[in-house]
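Structural overview
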Amino acid sequence: MTGRPWDASYHDGPAPWDIGRPQPVMVRLAAEGGFAGAVLDVGCGTGDNALHVASLGFPVLGVDVAETALAIAREKAADRGIAAEFAVADAFHLERLGRRFETVLDCGMFHTCDGDERPAYAASLASVTEHGGTLYVLCFSDEGPETGPHPVSREELRAAFNPGAGWNVAAIESARVQTTFHDNGAPAWFATIKRV
């Protein structure tokens, strides 16, 4: 996948998903001790979630295809004195990173995948997640008013992250994704998925 279309999203001010702070769900998760070991943030954008986790002392790598977003993320890290790493990577070929992570974060990436892309994406995530590790997925939900673009059902999450693909969905709870075009966020699913 090319990063150009995604990169263009950052050229004229913040992208709709770039709210200038970490997603509240991620802040809550961190406060509850939800992160462990090395952390990968897939589709990290300008890095607010990755930087929040890194500020708590975890080694964090944020990856994206949008070079402009990564440059902004690196600048934020430097300005705040936070040690976080940001790199260009294709979410469908994460094995090329040559690293493994105990916690993987997907905040708004899964719902951008077409149905036929999801098995490859789940396999890519599995290739870098330690056995027993945890994947957190925050994506637009198909339930409720004012759903975001590309809403996903619970069944679609379970189908993508199935035991045959190396995953076990531990929980899917209702949540909100904050955006620049929803006053109180859009309906979302927050899934906790274990690597088996």
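Residues numbered from 1 in each chain as written. Predicted model: local features only at pLDDT ≥ 70, side-chain atom pairs only at ≥ 80, totals over all residues. Heavy atoms only, no water.

A look at the overall build of the chain
- Scanning the chain from terminus to terminus reveals 6 helices and 7 strands.
- Counting from the amino terminus, helix and strand elements in the chain follow one another as α-α-β-α-β-α-β-β-α-β-α-β-β.
- For 196 residues, the compact-globule formula gives about 16 Å, and the C-alpha radius of gyration of the chain, at 15 Å, lands near that figure.
- Seen along its three principal axes, the alpha-carbon backbone of the chain occupies a region of about 40 × 40 × 35 Å.
- Taking all 196 residues of the chain together, the buried fraction comes to 51%.
- In the chain, the share of contacts with a sequence separation of at least 24, taken over all contacts with a separation of at least 6, comes to 70%.
- In the form shown here, the chain has an accessible surface area of approximately 8700 Å², with 52% of it arising from carbon and sulfur atoms. (Helix = DSSP H or I, 4+ residues; strand = E, 2+ residues; numbered from the N terminus. Rg over C-alpha atoms; globule rule 2.2 N^0.38 Å. Buried < 20%, exposed > 50% of the residue type's maximum accessible area, 1.4 Å probe, protein only. Contact = heavy atoms within 4.5 Å. Areas by Shrake-Rupley, 256 points an atom, 1.4 Å probe, with all protein chains shown as cover.)

Re the side chain of D18
- In this structure, D18 sits in the loop between α1 (4-8) and α2 (24-31).
- Despite being buried, D18 has no salt bridge partner; K76 is the closest side chain of opposite charge, sitting 4.3 Å away.
- Within the structure, the side chain of D18 is placed 2.9 Å from the side chain of T46, a separation counted as a polar contact.
- Each residue touching D18, except ones within four places of it in the same chain, is listed here: Y10, T46, D48, K76 and T180. (Lys, Arg positive; Asp, Glu negative; His and termini not counted. Salt bridge = Lys/Arg side-chain N within 4 Å of Asp/Glu carboxyl O. Polar contact = N/O pair within 3.5 Å; in protein donor to acceptor, adjacent residues only side chain to side chain.)

Considerations on the sheet that holds strand β1 (residues 39-42)
- Ordered in space as β3-β2-β1-β4-β5-β7-β6, the 7 strands form an open sheet in which the pairing is mixed. With one partner strand each, in any of the chains shown, β3 (85-88) and β6 (167-177) form the two edges of the open sheet. Put simply, the sheet's adjacent strands are angled 20° from each other on average, direction ignored.
- Sheet analysis places strand β2 (residues 60-64) next to β3, joined by 4 bridges and oriented parallel. Paired with L61 across the bridge in β3 is E85.
- Helix α4 (residues 67-80) rests against β2 and β3 of the sheet, and its axis sits at about 170° to β3. (Pairing = 2+ DSSP bridges. Axes fitted to C-alpha atoms, helices over the stretch in contact; angles between N-to-C directions.)

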